[in-house]
Amino acid sequence: MTDITKLTLAETLNGLKNKQFSATELTKAYIESMEANRDLNAYVLETPDYALKQAENSDKHYADGTNRDLEGIPLGIKDLFCTKDIRSTACSHILDGFVPQYESTVTSHLFNDGAVCLGKLNMDEFAMGGSNETSFYGPVVNPWQRERRLVPGGSSGGSAAAVAANICVAATGTDTGGSIRQPAAFCGVTGIKPTYGRCSRYGIMAFASSLDQAGPIAKDVRDCAILLKSMAGYDAKDSTSVNKEVPDFVAALGQSVRGLKVGVPAEYRPEGLSNEIASYWDKGIEILRQAGAEIINISLPHTKYALPTYYIIAPAEASSNLARYDGLRYGLRINGDHLDNMYINSRTEGFGKEVKRRIMIGTYVLSAGYYDAYYLKAQKVRRLIQNDFINAFKQCDVILTPTSPTAAFPIGDKSMQENPINMWLNDVFTVSVSLAGLPAMSLPIGLSKDGLPLGLQLIGKVFDEETIFKAANVLEQEAKFERLK
Amino acid sequence: MLLEGKTGKWEIVCGLEIHCQIISKSKIFSSASTHFGSDTNQNVSFVDAGMPGMLPTLNEECVRQAVKTGLGLRAKINKYSEFSRKNYFYADLPQGYQITQFRYPIVGEGVVTIDLDDGSTKDIRIERMHIEQDAGKSIHDMSPVKSFIDLNRAGVGLMEIVTKPDFSAPEEAGAFLKKLRSILRYLGTCDGNMNEGSMRCDVNVSVRPEGSTEYRTRCEMKNVNSVKFVMQAIENEARRHIEVYENGGTIEQETRQFDPVSGQTKVMRKKEFAHDYRYFPEPDLPPLVLSDEFINEIKQNLPELPDAKKARFMETMGLTKYDATIICENKEVAEFFEQAAKVHDGKKVANWLMGDFFAMLNRKNLTIENSPISAENLGKLVELIETNVISGKVAKDVFEIMSETGDNPEKIVEEKGLKQVTDTAAIEAIVDAVIANNPENVAAYRNGKVNLRGWFVGQVLKESKGKANPQIVNELLNKKL
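Residues numbered from 1 in each chain as written. Chains lettered and ligands numbered in written order. Predicted model: local features only at pLDDT ≥ 70, side-chain atom pairs only at ≥ 80, totals over all residues. Heavy atoms only, no water.

Caption draft 1: How the structure looks around the overall build of chain A. Scanning chain A from N- to C-terminus turns up 16 helices and eleven strands. Computed over the C-alpha atoms, the radius of gyration of chain A is 21 Å, within 12% of the 23 Å expected from 2.2 N^0.38 for a compact globule of 485 residues. Expressed along its principal axes, the backbone C-alpha trace of chain A runs to roughly 65 × 55 × 45 Å. Taking as baseline every contact in chain A between residues at least 6 positions apart, the subset at least 24 positions apart corresponds to 76%. Taken as a whole, chain A presents about 16800 Å² of accessible surface, with 50% of it coming from carbon and sulfur. (Helix = DSSP H or I, 4+ residues; strand = E, 2+ residues; numbered from the N terminus. Rg over C-alpha atoms; globule rule 2.2 N^0.38 Å. Contact = heavy atoms within 4.5 Å. Areas by Shrake-Rupley, 256 points an atom, 1.4 Å probe, with all protein chains shown as cover.)

Caption draft 2: View of the side chain of A:Ser104. Residues and elements named next belong to chain A. With respect to the helices, strands and loops of the structure, serine 104 is situated in the loop between strand E2 (74-78) and helix H4 (105-112). Its relative accessible area of 0% is what places serine 104 among the buried residues. With residues near it in sequence (within four places) discarded, serine 104 still touches Phe81, Cys82, Tyr202, Gly203 and Ile204. (Buried < 20%, exposed > 50% of the residue type's maximum accessible area, 1.4 Å probe, protein only.)

Caption draft 3: Structural detail: helix H6 (residues 321-329) of chain B. Among the residues of H6(B), those classed as buried are B:Asp323, B:Ala324, B:Ile327 and B:Cys328. The buried residues of H6(B) occupy an angular sector of 115° when the element is viewed end-on, so they sit on one face. (Arc of directions from axis to C-beta.)

Caption draft 4: Quick look at a nonpolar patch on the surface. A cluster of nonpolar side chains, contributed by A:Tyr364, A:Tyr370 and A:Tyr374, occupies part of the molecular surface with about 280 Å² of accessible area. With respect to the element layout, A:Tyr364 can be found in helix H11 (residues 353-365). (Patch = residues over 30% accessible without salt bridge, like charges linked within 9 Å, V, L, I, M, F, W, Y side chains within 5 Å. Salt bridge = Lys/Arg side-chain N within 4 Å of Asp/Glu carboxyl O.)

Caption draft 5: Focus on the domain arrangement of chain A. Residue and element names in this part refer to chain A. Domain assignment breaks chain A into domain 1 (2-254) and domain 2 (306-376). Distance between the C-alpha centres of domain 1 and domain 2: 28 Å. Taken together, the contact pairs 20 residues of domain 1 with 20 residues of domain 2. Roughly 1700 Å² of surface becomes buried between domain 1 and domain 2 when both sides are summed, with 66% attributable to carbon and sulfur atoms. Contact with domain 2 buries surface across domain 1, with Ile94, Met128 and Phe207 losing the most and accounting together for 37% of the total. Seen at the junction of domain 1 and domain 2, the total is zero salt bridges. Its residues assigned to classes, the side of domain 1 that touches domain 2 shows ten nonpolar, eight polar and two charged. (Domains from an automatic or database assignment. Buried area = accessible area lost by both parts, 1.4 Å probe. Nonpolar A, V, L, I, M, F, W, Y, C, P; charged D, E, K, R; others polar.)

Caption draft 6: Expanded view of the environment of B:Glu254. All names here are of chain B. Note on placement: glutamate 254 falls in strand E13 (residues 254-258). Distance in space between the C-alpha atoms of glutamate 254 and phenylalanine 273 is 9.2 Å, their sequence separation being 19 residues. Apart from the residues lying within four places of it in its own chain, the contact partners of glutamate 254 are Arg218, Cys219, Glu220, Arg240, Val267, Arg269 and Lys270. Here lysine 270 takes part through its side chain, which lies 3.2 Å from a polar atom of the side chain of glutamate 254. (Polar contact = N/O pair within 3.5 Å; in protein donor to acceptor, adjacent residues only side chain to side chain.)

Caption draft 7: Region of the structure containing the environment of A:Lys480. All names here are of chain A. Along the polypeptide, lysine 480 turns up in the segment after helix H16 (465-479). A residue is classified by how much of its surface remains accessible, and lysine 480, at 60% relative accessible area, is exposed. Placed 34 residues apart in sequence, lysine 480 and glycine 446 show a C-alpha to C-alpha distance of 8.1 Å. Among the polar contacts made by the side chain of lysine 480, one reaches the main-chain carbonyl oxygen of glutamine 477 at a distance of 3.5 Å.

Caption draft 8: Up close: the domain arrangement of chain B. Segmenting chain B into domains produces domain 1 (2-296), domain 2 (304-416) and domain 3 (424-480). Put simply, the middle of domain 2 of chain B and the middle of domain 3 of chain B, counted by C-alpha atoms, are 33 Å apart.

Caption draft 9: Representation of the nonpolar core. Counting 173 residues, the largest nonpolar core has A:Phe126, A:Phe389 and A:Phe469 as the members making the most contacts within it. The dominant element in this core, judged by the number of residues it contributes, is helix H9 (residues 306-321) of chain A, at nine residues. The contacts of A:Phe389, once residues within four sequence positions are left out, are A:Tyr268, A:Leu300, A:Ile399, A:Ser432, A:Val433, A:Ala436, A:Leu438 and A:Ile459. Counting 103 residues, the second-largest nonpolar core is a separate cluster that includes B:Ile28, B:Phe29, B:Ile114 and B:Tyr245. (Core = buried A, V, L, I, M, F, W, Y, C linked by side-chain atoms within 4.5 Å.)

Caption draft 10: Focus on the interface of chain B and chain A. If you look at the interface, chain B gives 29 residues, while chain A gives 41 residues. With both sides pooled, the region where chain B packs onto chain A buries about 2800 Å², and carbon together with sulfur makes up 59% of that total. Scanning the region where chain B abuts chain A turns up two salt bridges. Close ionic contact of A:Arg201 with B:Asp284 constitutes a salt bridge, the shortest N to O distance being 3.0 Å. Between the two partners, chain B and chain A, sit 17 residue pairs in polar contact (both at pLDDT 80 or more).

Caption draft 11: Here's a closer look at the sheet that holds strand E1 (residues 43-46) of chain A. Residues and elements named next belong to chain A. An order of E1-E3-E2-E4-E6-E5-E10-E11-E9-E7-E8 is seen for the eleven strands of this open sheet, with the pairing classed as mixed. The open sheet terminates on both sides in strands that have one partner only, identified here as E1 and strand E8 (294-298). On average, adjacent strands in this sheet sit at an angle of 30° to one another, irrespective of strand direction. Where E2 and strand E4 (residues 170-175) come together, two bridges link them in parallel fashion. Paired with glycine 76 across the strands is alanine 171, a residue of E4. (Pairing = 2+ DSSP bridges. Axes fitted to C-alpha atoms, helices over the stretch in contact; angles between N-to-C directions.)

Caption draft 12: Main features of the pairing of strand E9 (residues 398-402) of chain A. Residues and elements named next belong to chain A. Counting buried positions along E9 gives five out of five residues, so the element sits mostly inside the fold. Side chains of E9 alternate between two faces, with Val398, Leu400 and Pro402 and Ile399 and Thr401 buried alike. Pairing of strand E7 (residues 261-265) with E9 involves two bridges; the strand directions are parallel. Within E9, the position partnered with glycine 263 by the bridge is isoleucine 399. In this sheet, strand E11 (residues 453-460) lies alongside E9 in antiparallel orientation, the contact comprising five bridges. Residue threonine 401 lies in a different strand from E11, and its bridge partner there is glutamine 457.

Caption draft 13: A look at a negative patch on the surface. Residue and element names in this part refer to chain B. A contiguous patch of negative charge on the surface is contributed by Asp345, Glu383, Glu386 and Glu410. With respect to the element layout, glutamate 383 can be found in helix H9 (residues 375-386). Glutamate 383 sits in the partly exposed class, given a relative accessible area of 32%. (Lys, Arg positive; Asp, Glu negative; His and termini not counted. Charge placed at Lys NZ, Arg CZ, Asp CG, Glu CD.)

Caption draft 14: Representation of the pattern of salt bridges. Residue and element names in this part refer to chain B. For the coordinates displayed, the defined rule picks out 53 salt bridges over all chains. For aspartate 292, the salt bridge is made with lysine 79, and the minimal N-O distance between the two is 2.8 Å. Highlighted residues: aspartate 292 in helix H4 (residues 292-300) and lysine 79 in the loop between helix H1 (60-72) and strand E3 (80-81), separated in sequence by 213 residues. For glutamate 172, the salt bridge is made with lysine 122, and the minimal N-O distance between the two is 2.8 Å. Note that glutamate 172 is positioned in helix H2 (residues 170-187) and lysine 122 in strand E7 (residues 121-133), a separation of 50 residues in sequence. Among the residues examined, glutamate 172 registers a relative accessible area of 10% and is labelled buried. Lysine 122 gets classed as partly exposed once you look at its relative accessible area, which sits at 24%. Overlapping salt bridges, with partners in common, bring together Glu237, Arg240, Glu252, Glu254, Arg256 and Lys270 in one network.

Caption draft 15: Structural context of helix H10 (residues 339-350) of chain A. Residue and element names in this part refer to chain A. Its twelve residues give H10 an end-to-end C-alpha distance of 16 Å, which sits within 8% of 16 Å, the value for a rise of 1.5 Å per residue. Listing the buried residues of H10 in full gives Met342, Tyr343, Ser346, Arg347 and Gly350. Down the axis of H10, the buried set is contained in an arc of 110°. They therefore lie on one face. On the buried face of H10, the contacting elements are H11. (Expected span 1.5 Å × (residues − 1).)

Caption draft 16: Geometry of the packing of helix H10 (residues 392-405) of chain B against helix H11 (residues 409-416) of chain B. All names here are of chain B. Between H10 and H11, the least distance of the axes is 10 Å, while the angle of their chain directions is 115°. Crossing handedness for the pair H10 and H11: right-handed. Residues Val398, Ile401, Met402 and Thr405 of H10 form the contact with H11, whose own contacting residues are Pro409, Ile412, Val413 and Lys416. Here the residues of the contact of H10 with H11 sort into six nonpolar, one polar and one charged. (Left-handed = near helix turned anticlockwise from the far one by under 90°.)

Laid out in structure tokens, this is it:
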């Protein structure tokens, strides 16, 4: 019976519909799995009682035939999502004990479709990080080669690790500069960041408002399609969400890629790119070519500016978004003899090193006298990067690149700890897409010679997730990547 | 206006920034109520409280009100505007930033014509107007060691109107504030109550020697909360500048606070401690783009504004400039007047309105909205006089009764039997009787004591209980004396 945690979401739904197991049995299996895998530190809060209550309700729906799209599916929820009556902290000390009285739009979509909440998943503090090491609740261990204690990637590290280790059917993630795609690649699972505006940001603690997007991390492409359908949709409470019909992404699966134009950008093959990554990329290209796609060499000339642009815009917005964490109304408060000192004490104690670093950078680039040189310039470059993609998509329908320049690295890696730039370099293939607001998926393509998963990234046109799903499905079929059992 | 200094004459250079609370049911970026006078922290949504993950959504009604106001200021409506964040930490600013408009405001340059006491007018240029959210309130006087925060006001929509430095006398600023308040109330976009804080004024002042065109360093006084205080603040601050300059000193750019008790200003924040607000475009809100249809619809439904109404009352209703200015300052008064003067002589209605009627409201401490005398009834009263049904003297008594009972004057006149006697034969009988009963006075009058004339009129009116038509009385007396 414990085997049911190995099933994909689609398989699990079938099992539930065919009464092979009940939602309660399923949830119990996952609760056992959560307990057995606590050494991974994927969850920062387990909500077994709540989950069982939801599962019981799902069983009633199955019994009377009113089961909804995700009825009884146990999910892990990234701690960045506000969940009503369930502690939500963004894995920051400054939100100690914060229990929202409201539900994020994305999680309310999922729960309204019958999903079950197993608990809150670990992440980099306020989604700032690429290794899950900035969490106040400690690092997450990548379930691949546990004994090596590798990072799961970040910021949605808990989400990717939990999906890979079968301690949830699937998970929510958020992606600002690669926070869904890079951990998905590190943990050998599949994740998609949809087009900016596809999912509502309401109730998701903001890191960088113009970049943040929610998306699913799941065991395979089909599971992502099922989940994204539920998560997406226009929301009047988020003025940046777009009023566009959500297509049936599952319908794109199994469609032929014959004649599909797949762009391969020269700039993503910089000198020094590992041979292993390059050859898996070539393998992906070859799979699509064999399936009838046309491979087009394209150029995204401003790629090299994406990283510095991102690390100006994201911290600028973050420095302002995080101003509300002042110790006054909720979360951690360290008193002081004056209002200013209370702010200083609370924020000094409440924020971790990486968050402080980004608040400092963001404050600096927005300061009088520096704004034009940094923030304004970065916004102009962002436009150039967007134009690169607009031009590229005149020649092709979808773009294929590696997700990350490396596989998972050890927790506490010295070079990254000593120089944060080395950590930020992990985002080199993912940030352009975020700056352009485009949809992109990471899916596993194979294992490194060390036996660690590597991912490829498929980038689509604005609001064209369907083409990504179509191409991803073909790659997945041929790559035959074996998930962790 | 020029101020006399030791070294010569000085000219005041002053500009105003006025924050006007937008009249709207809900706040500018949330659905919480804007109701004034609710218990503390009752009108607060998760957005207003700056809860994690909350996002602003723009209230279209506030945009409509802003466009309306812009049109009322004869200003350019910008079809493209943007919201920005103004970042600073304060306990009553839950998000840690104020959502405002910075580089691209919704309203551009405009003009307001002010009326000065000497009957002249002056155009004050508007630099811009933008919309933004208000902060909450910090309450420091409830406890010696704690401060309390009320977020009812946090997120209420504001319009910030910035003028050019066009004021050269305190009276001009006073006249501007009155005119602005009048326009806003006509439009229904702000109630203009400075004492309730729904209109707040920042005053920028500098001085320069007479005839000079330079701009010297200015000082800003924040939140001066009455027209009188604004005028005081300008004059006293200008005098301070003059004194400093004449003693060889320099004025530093700083923010000052006006003390209503002493009438003086004192320094609040030096320039070097000025905040760096780190403005940047608000990423949670897309740019605000207005369509021509949206603007035109508002334009077409714009009410008649004080200046236009004034001109019309002068042209078509026979009012003097002075009467029209006073009557049109307040929209309710103007509407009351127009209603009362619908079918009657405008000038006479205006006289009653600005005389007995305003005196009655003052005495009873009432506003025109809850006047016991309706506009229709005031009009009827004037009509009764015009058509000789009652005399002006009786009208005063009828007015008194109306102010107590609110009754229709026709009914009062009917019930109390106050109708003027216009029957010549009946009056002639009284005249004859008065002449017959006072032979000495008749003789004295005929011998040249003409000032006895009024006495005869009085006697006849007295005998008729005030109802005899004075014109007929006069005619008969002319004939018989």
